Amino acid sequence: MNTMTDQKNLAVTGRQKMTPSEAFVETLVAQGVKDVFGIVGSAYMDALDLFPLAGIRFISVAHEQGGGHMADGYSRVSGRHGVCIAQNGPGITNFVTSTAAAFWAHSPVVVITPETGSATIGLGGFQETEQLPIFSKVTKYQAHVNNRARMAELTARAFDRAQLELGPTQLNIPRDFFYGDIECEIPRPMTIERGAGGERSLDEAAVLLAAAKSPVIVCGGGVVMANGQPEAIRLAELLQAPVANSYLHNDSFPAKHPLWVGPLGYQGSKAAMKLLAAADVVLALGTRLGPFGTLPQYGIEYWPKDAKIIQVDADARMLGLVKPVSVGICGDAKAAAQALVTRLAGRALACIANREARLATVRAEKAEWEAELDGWAQEKDKWSLEVAKGSTYMHPRQMLRELERAMPEGAMVSTDIGNICSVSNSYLRFERPRSMFAAMSFGNCGYAFPTIIGAKVAAPDRPAIAYVGDGAWGMSFGEIQTCVRENIPVTAVVFNNGQWGAEKKNHVDFYENRFVGVNLDKQPSWAAVARAMGAEGITIEKIADVGPALRAAAKAQGEGKTTVLEMMVTRELGDPFRRDALALPTRHLAKYQATAAKRG
Ligand SMILES: Cc1ncc(C[n+]2csc(CCOP(=O)(O)OP(=O)(O)O)c2C)c(N)n1
Ligand SMILES: [Mg+2]
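Residues numbered from 1 in each chain as written. Chains lettered and ligands numbered in written order. Predicted model: local features only at pLDDT ≥ 70, side-chain atom pairs only at ≥ 80, totals over all residues. Heavy atoms only, no water.

1. With respect to the coordination of the magnesium ion (ligand 2)
Note on metal sites: the ideal angle is 109.5 degrees for four tetrahedral donors, and 90 or 180 degrees for six octahedral donors. Taken together, D470 (OD), N497 (OD1) and Q499 (O) make up the protein donors of the magnesium ion (ligand 2), found 2.1 Å from the metal. Ordering the donors of the magnesium ion (ligand 2) by residue number gives the pattern D-x26-N-x1-Q. The class of Q499 is buried, set by a relative accessible area of 2%. (Donors = N, O, S within 2.8 Å, 3.2 Å for Na, K, Ca; no water. Buried < 20%, exposed > 50% of the residue type's maximum accessible area, 1.4 Å probe, protein only.)

As C-alpha cells, this is what we get:
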C-alpha cells in the first residue's frame, strides 16, 4: 500500500524509520485531521513545518482560549475530533477554560500540549508549569509522551479515547521529544461500536412504556451525538409521545414535528414543562438530566415526582446520578431507541388508547405557549418596566422573536452566557441536529463567538450565527481577526444593553439595586470596532431592521464576509439564572448594614 509521505491525507503504513514529528503528524493524518487551531510556538515548530505537506490546515487564532473553543465547535458540528495546539506554559494554560467547556459539552477535542524540555523539567526555566495536573479534572484521558519512540502510539490513543469517552483528551509532549530518529508504525484509528444496552433493562423499559398512559420523551445531546434522531422520531411516533428537548439541546428533535413540545430548563417551553409534569413514564433518551437543566422554571415544579423514569446514557456513571430512575440503560441513544422500537412494535400500547385526547392536549399546550410568547414583547417586572420606559431601543424579547423568524434554513447557532442569550432559549428552534452550540454547563462568557467560527470551518456551507451579550463580546471579539485573516465568514449578533445583565439581575432581585461592577459604561461602538478590524459592522435600533439585517449578514457569509450586528436593546432583564442559589443578604456588622438609600 501507500508508503509515500508526499501523498496527502493518507498515513504511511508499515514499521519504518521516521522522526517523532513525522510520527506525530502522520498519526494526525491517519485520524483524519484536516484542521488544527492554535497559536504558533517554538515548542512544536518541527511538527508544524510538516502540516502543509500533510494536508493539515493550521488556523492561526487571536487567543488560545478561542482556538480551544473553535476546536469544540468544529467537533460538535462534525462529530469528528477538534484539535488545538499551542506553546508550552502560557499558551497551554490559556486552553484551560476552553477544555473545561468542551468537557461539559462532551466534545471529542484533542488538546495538544507541548511542554518544557525533558532535560530541564523542574528547574524553573522559561515557560514551565506542570501541565498534567492543571487539566486532570477537565479531560477524559491524559497521554504523556514519556519516550519519543511512543509518539505515534500515545497520539493515537489520545484521539481514540476522545471518541470513546466523548470528551476532551490531552496529549502532553516534552518539546525535545519532537526531534530524533525512531522506528514505529502509525496506528489506525479505532472505532468502538456502542450497543443498545443490557437486554434485561431494555425489556423492563419496554414493559413500562407499553403500560404508560401518558409517556413523555426527553431527547438529550446523546441523541445528537449518536446521530440517533431518526430512531428517536420513530419511537416517539410509535408511542405518539410528546418530545421535549433537554436543556440547551434544542436541536435534538425537529421543531416542526407535531410531537415536539420545546426545551426544558431555564427560559424553556412552558408547554414542555406542563406535559412533563403530567407524565406517568418519562424516557430520558441520551441525557444526564443535569441539575441546572431540570430546575423549576416560571414557578413550575415540572419534574414529575411519581413518574417512572427510564434513563438511557452512554456513560454508566450518569445513570440515576441526578434523578432517581426506575430503569437505567447504559447504551447508545440511537441503538437503544431502535431496540425499544423493535420491542414495542406490534405490541398493545396503553398510550394508543387515549392517543386523541393526549394529542389534543399537546396541541393546546403548544398553542397556548406560542400565544404567550407572541404577547410577551417585554419583561413585566418593576425594574424592566422602568428602564424600558422612554427608551428608543428594542425590547430584547421582541428582537429575539424577529431573529427567530428570519433564521436562515440550516443555520447553526451558538449562544453565550448572559440574560438575553438565556432568554433566547424560548426562541431557538431547529429542524436538524448539530445546529445549536450553547455554552452548556460550564457556562463561560466568551464561548459563543469562537465556537461558531470552529463550526463554520467544519461546515462552511451552513449559515453560522453567534448570539453574544455585550459583556461576553468584550472577551471574545478579538477573534474577528481570525475570521478576517483566515477567511472564515460568520455572523455575530451582539446584544448591546450596556451591562453585565445576568449578574445585574441579581443586584436587582437580591441587593436593592446596589450595583457593583455591572454597568458597561463607555463602550465603543461595536459595529465601528468590527469595521476597523476588517469585518462588516451594523448598528440596529429598530425591530423592523432586525430580520432583513440577519438575512443579509447570513447571505454575506457566501461572499466571505463576517458581519457584526450590534443590537441596541433596552436594559430590561428576564428571570434570573440562579434564583435557586442566591439568598437575601444577612449583615451582622453595623458598617455593612447600609441600604441602597443610605449609601446615597
Ligand atoms: C468567564 C465568565 N466570567 C463571568 C461569568 C459570570 N457571568 C454570567 S452571565 C454574566 C453577564 C453577561 O453579560 P452580557 O454578556 O453582557 O450578557 P447580558 O446578561 O447583558 O445579556 C456574567 C458576568 C461567567 N459566566 N463567565
Ligand atoms: Mg450585556
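That shown, we press on.
2. Focus on the sheet that holds strand 16 (residues 436-438)
Pairing in this open sheet of six strands is parallel, and the strands run 16-15-17-18-20-19 from one edge to the other. Each having just a single partner strand, strand 16 and strand 19 (536-540) make up the two edges of the open sheet. Across the sheet, the mean angle from the axis of one strand to that of its neighbour is 15 degrees, orientation sign disregarded. When strand 18 (residues 491-496) meets strand 20 (residues 563-568), the two strands line up parallel, connected through six bridges. Of the residues in strand 20, the one forming a bridge with A492 is V564. (Pairing = 2+ DSSP bridges. Helix = DSSP H or I, 4+ residues; strand = E, 2+ residues; numbered from the N terminus. Axes fitted to C-alpha atoms, helices over the stretch in contact; angles between N-to-C directions.)

3. Focus on unusual backbone geometry
Of note, the phi angle at R434 is positive, near 60 degrees, even though the residue is not glycine. Looking at the element boundaries, R434 is found in the loop between helix 18 (419-423) and strand 16. Given the relative accessible area of 13%, R434 is considered buried. One non-glycine residue, M440, lies in positive phi territory at about 50 degrees. Tracing the sequence through the fold places M440 in the loop between strand 16 and helix 19 (448-458). Residue classification places M440 among the buried residues on the basis of a relative accessible area of 11%.

4. With respect to the confidence of the model for the protein chain
When the pLDDT values of the protein chain are averaged, the result is 96; 97% of them are 70 or greater. Note on residues 1-7: pLDDT is under 50 here. Beyond four places in sequence and across chains, it has 10 contacts. (pLDDT = per-residue confidence, 0-100. Contact = heavy atoms within 4.5 Å.)

5. Focus: the pairing of strand 18
Taken across its six residues, strand 18 has six buried, putting it largely inside the fold. Here strand 18 shows two buried faces, one formed by T491, V493 and F495 and the other by A492, V494 and N496. Relative to strand 18, strand 17 (residues 464-469) runs parallel, the two sharing five bridges. Bridge pairing in strand 18 links G469 to F495.

6. With respect to the pattern of salt bridges
Tallied over the entire structure, the rule returns 24 salt bridges. Residues E486 and R57 are paired through a salt bridge, measuring 3.3 Å at the closest nitrogen-oxygen approach. With E486 in the loop between helix 21 (480-485) and strand 18 and R57 in strand 3 (residues 57-60), this residue pair connects regions lying 429 residues apart in the sequence. You can call R57 partly exposed: its relative accessible area is 32%. Linking R401 and E370 is a salt bridge whose minimum nitrogen-to-oxygen distance equals 2.9 Å. Of this pair, R401 sits in helix 17 (residues 396-406) while E370 sits in helix 15 (residues 355-375), and the two are 31 residues apart along the sequence. Here R401 falls in the buried class, since its relative accessible area comes to 8%. (Salt bridge = Lys/Arg side-chain N within 4 Å of Asp/Glu carboxyl O.)

7. Thoughts on a nonpolar patch on the surface
On the surface, a nonpolar cluster with roughly 290 Å² of combined accessible area is contributed by L164, M190 and I192. Its location among the elements puts M190 in the loop between strand 8 (182-184) and helix 9 (199-211). Classification of M190 as exposed rests on a relative accessible area of 51%. (Patch = residues over 30% accessible without salt bridge, like charges linked within 9 Å, V, L, I, M, F, W, Y side chains within 5 Å. Areas by Shrake-Rupley, 256 points an atom, 1.4 Å probe, with all protein chains shown as cover.)

8. Describing the side chain of N497
Following the sequence through the fold, N497 ends up in the loop between strand 18 and helix 22 (501-510). Every residue in contact with N497, bar those within four places of it in the chain, is listed here: I420, D470, V569, T570 and R571.

9. Details of helix 15
Residues three or four positions apart in an α-helix share a direction because the helix packs 3.6 residues into each turn. Its 21 residues place the ends of helix 15 30 Å apart at the C-alpha level, agreeing with the 30 Å of an ideal helix rising 1.5 Å per residue. Those residues of helix 15 that sit buried are R358, L359, V362, E365, K366, W369 and L373. In an axial view of helix 15, the angular spread of the buried residues amounts to 125 degrees, which keeps them on one side of the axis. Across from the buried face of helix 15, at angles greater than 90 degrees, the exposed residues are A357, R363 and G375. Where helix 15 is buried, its residues contact strand 9 (215-219), helix 11 (229-239), strand 11 (260-263), helix 12 (270-277), helix 14 (350-353) and helix 17. (Expected span 1.5 Å × (residues − 1). Arc of directions from axis to C-beta.)

10. What to know about the nonpolar core
Judged by nonpolar contacts, the single largest core of 43 residues is most densely connected at M399, L400, L403, Y467, V493, F495 and M567. Residue assignment for this core shows that the elements contributing at least two residues are helix 15, helix 17, helix 18, strand 16, strand 17, strand 18, helix 24 (543-557) and strand 20. Residues in contact with V493, not counting those within four places in the same chain, are L403, I465, A466, Y467, V468, L550, L565 and M567. Formed by 42 residues, the second largest nonpolar core is a distinct cluster that contains V77, M412, I453 and A492. (Core = buried A, V, L, I, M, F, W, Y, C linked by side-chain atoms within 4.5 Å.)

11. Section: empty space enclosed by the protein
Rolled over the atoms, a probe sized like a water molecule indicates the empty space that remains. With the rule as written, the count across this model stands at two cavities of 30 Å³ or more. Its volume calculated, the largest cavity comes out at about 70 Å³. As for the largest cavity, its lining consists of Y247, L248, T415, D416, I417, C421, S422, S424, A438 and A439. Classifying every residue of the lining of the largest cavity gives six nonpolar, three polar and one charged. As a volume, the second largest cavity reaches approximately 50 Å³. Lining the second largest cavity we find E379, P396, R397, N419, I420, V423, E572, L573 and G574. Of all the secondary structure elements, the ones that give two or more residues to the lining of the second largest cavity are helix 17 and helix 18. For the lining of the second largest cavity, the element with the most residues is helix 18, which contributes three residues. When its residues are assigned to classes, the lining of the second largest cavity shows four nonpolar, two polar and three charged. (1 Å grid on protein atoms, 1.4 Å probe; cavity = no way out; pocket = protein on both sides within 12 Å on 5 of 7 lines; lining within 4 Å. Points joined across faces, edges and corners; volume = space filled by probe spheres on them. Nonpolar A, V, L, I, M, F, W, Y, C, P; charged D, E, K, R; others polar.)

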